[in-house]
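# Observations on the three-dimensional arrangement
So you can see what is in the structure, the chains are spelled out below.
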Amino acid sequence: MTLDSNPSFANPAQIWNSRFSTDGYVFGTEPNDWLRRHASVWKSGSTILCVADGEGRNSVWLAGQGHNVDAFDISEVGVGKARRLAEQYHVNVNYSISGCDDFEWRPNHYDGVAAIFVQFADPVLRSRLFENMARSLKPGGSLVLVGYTPKQLDYGTGGPSVLSHLYTPEMLREAFGSLDIQVLEAYEAELAEGDGHKGRSAIIGLIGARTD
């Protein structure tokens, strides 16, 4: 999970290592609901990348669905917990410790990319990240993305407190203009993802496919 110029996130690896240095899992061990509901866009045995995967709840679940999963996060503590979670569930995930700019992005490589609440990048870094995500999809591959909208600032139940890091339909349509956007839905829900995402939340989800 990479961060912007916000002083509170001057050292993102240190911040996330500290946050993940707890006995429990900050965002729980169950997969995100948007991901669970829309993972059917990928056939079993797909090669999927989980971006800024944290403590591994989403990558482990996808591997348990029969997919070949790569995942990365900037936090070595988070990745260590993800590896232990994968062992607990008897699945294999190819984990790496990396920031979003440092990850070895491979064009035309993945059947799927999962980006679940990856909202700690400023607009410039986010533009590079989203471009890499779209480019890494094979033709026919699909992106599953979910994040918070600006209304989330009213709830304060998770996510960044910086307006520029939150998602709007217009921003996502522009960012993923190279994809066929099949679903783009802003909605509200009660989240119960550990202590990190807990309570009424303003969310937006996207499903996009590469067609070229």
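The coordinates are above.
Counting from 1, residues in each chain are numbered in the order their sequence is written. For this predicted model, a pLDDT threshold of at least 70 governs which residues receive local features, and a threshold of 80 or more governs which side-chain atom pairs are given and counted, while totals over whole chains, interfaces and linings are taken from all residues. Based on all heavy atoms of the structure, the side-chain values leave hydrogens and waters out of the count.

The next subject is the pairing of strand β5 (residues 137-148). For the exposure calls, accessible area comes from a 1.4 Å probe over protein chains only, and a residue counts as buried if that area is under 20% of its type's maximum, exposed if over 50%, partly exposed in between. Strands are runs of DSSP state E lasting at least two residues, helices are runs of H or I lasting at least four, and both sets are numbered from the N terminus onward. Counting buried positions along β5 yields 9 of 12 residues, so the element is predominantly enclosed. Here strand β4 (residues 110-116) pairs with β5 via 6 bridges, running parallel. Following the sheet pairing, A114 is matched in β5 by V144. Look down the strands so they point away from you; if going from the first strand over the helix to the second traces a clockwise path, that crossover is right-handed. With respect to chirality, the unit in which β4 leads through helix α5 (residues 123-136) into the neighbouring parallel β5 is right-handed. Pairing between strands requires that DSSP locate at least two bridges from one strand to the other. In this sheet, strand β7 (residues 197-209) lies alongside β5 in antiparallel orientation, the contact comprising 7 bridges. Looking at the pairing, Y148 lines up with I203 of β7.

What follows deals with the pattern of salt bridges. What makes a salt bridge here is a side-chain nitrogen of Lys or Arg within 4 Å of a carboxyl oxygen of Asp or Glu, nothing more. Summed over all chains, the structure comprises 13 salt bridges. D195 is the salt-bridge partner of K198, the closest N and O atoms lying 3.8 Å from each other. Judged by relative accessible area, which is 53%, K198 ranks as exposed. Take D195: its relative accessible area is 67%, and that puts it in the exposed class. Three or more residues are tied together by salt bridges with common partners; here these are K151, E188, E190 and R200.

This is a description of form; function is not addressed.
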